[in-house]
Amino acid sequence: MAARIVVSLDDRIQDEAALAKAITVVGRHPDCDIVIEHPAVSGRHMLLRVVNTTVYAEDLASTNGMRVNGLTAHHQVIHHLDVIEVGVHKLHFFDDSLLTGALGGLESTVHTDFERTAMGDAPPPPPARRADELDATQAIPRAATVVLGPSQETVRTGAPSAGALALRIAAGAGEGSWVALDKANTMIGDPATETALVVRRGEAYYLARFSGHAVPRLNGRDLGPGTHRISPGDAIDVGGSRFEVVQGR
């Protein structure tokens, strides 16, 4: 199964990792597969278990627990575009096989109560957290985080690399410059209003909503659920800016 996790903090990408193993452990301890160095994250906070084509998120008796799509969860099936909260960080789940406008809709990932708790084969009990493995985890209150300012991560003023896609800022902050799309995931927009994520897989590029209450627009139309293929000439409106998809020559 080709799947990956994108880690964000305050609506900015911190890390991304493929789920290449049957079990991927997330936590503050340096031995974890995905390390999040923050006092709100327990030493071994949670894990992602891949069973055939199904992915499960399991809390490991962490101090601050785990949320999936805003709801407290302990053992849960996760789907394409689901968001897992670990402390103050967010883990965005992508199933690469669903990176298409036809199959990437959230309508196909509606969760039933059974799916929220079903675990298939019963997992082993979570390991006890050792008190001496790290300093005590900081318990945090749940509060919305307000972040101001543009979130384009790689804004440049030159021309894009030959053959690669990029975004030219046609209107808004940084007008006339361009945003490189040379990473697996690039966030654009303004965290105070709305952001979107451009996902690169091989030679293909896709657009998905990321955060905010406003809806990004693709070629003048509200961006629907899921992921949508983008090509040179497309126009994206998000976070008060307009981006044009261009290709280097």
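If you're wondering where the values come from, they're calculated on a predicted model, not measured in any experiment.

### So, the pairing of strand 5 (residues 46-51)
Within a regular beta strand, the side chains point alternately toward one face of the sheet and then the other, so they alternate between its two faces.
Part 1 of the argument: The element strand 5 is largely enclosed, with a buried count of 5 among its 6 residues.
Part 2 of the argument: Sheet topology places strand 3 (residues 23-27) next to strand 5; 4 bridges connect them, and they run antiparallel. When the sheet's bridge partners are listed, Val 26 is paired in strand 5 with Met 46.
Part 3 of the argument: The antiparallel pairing of strand 5 with strand 6 (residues 54-59) creates a hairpin that spans 2 residues between the two strands, and Asn 52 there sits at a positive phi of about 55 degrees.

### Some remarks on the confidence of the model for the protein
Part 1 of the argument: In the predicted model, the protein carries a mean pLDDT of 78, and the fraction of residues at 70 or more is 75%.
Part 2 of the argument: Of all secondary-structure elements in the protein, the lowest mean pLDDT belongs to helix 1 (residues 113-117), at 38, while strand 21 (residues 235-238) reaches the highest, 95.
Part 3 of the argument: Within the model, pLDDT remains below 50 along residues 101-126, and this stretch shows 44 contacts once partners closer than five positions in the same chain are excluded.

### What to know about the pattern of salt bridges
Part 1 of the argument: Following the criterion strictly, the structure yields 6 salt bridges and no others.
Part 2 of the argument: For Asp 222, the salt bridge goes to Arg 217, with nearest N and O atoms at 2.7 Å.
Part 3 of the argument: By relative accessible area, Arg 217 is classed as partly exposed at 33%.

Calculation notes
- Chains are numbered independently. Their residues run from 1 in the order of the written sequence.
- pLDDT decides what is reported in this predicted model: residues at 70 or higher carry local features, side-chain atom pairs at 80 or more are listed and counted, and totals for whole chains, interfaces and linings draw on all residues regardless.
- Values shown for side chains rest on all heavy atoms present in the structure; no hydrogens or waters enter the calculation.
- Exposure is judged per residue with a 1.4 Å probe applied to protein chains only, and the accessible area is read against the type maximum: over 50% gives exposed, under 20% gives buried, and values in between give partly exposed.
- Secondary structure is summarised from DSSP: a helix means a run of H or I of at least four residues, a strand means a run of E of at least two, and numbering begins at the N terminus for each.
- Following DSSP output, two strands are said to pair if at least two bridges run between them.
- What pLDDT expresses is the predictor's confidence in each residue, scored from 0 to 100.
- Contacts: residue pairs with any heavy atoms within 4.5 Å of one another.
- Just to be clear on terms, a salt bridge is a Lys or Arg side-chain nitrogen sitting within 4 Å of an Asp or Glu carboxyl oxygen.

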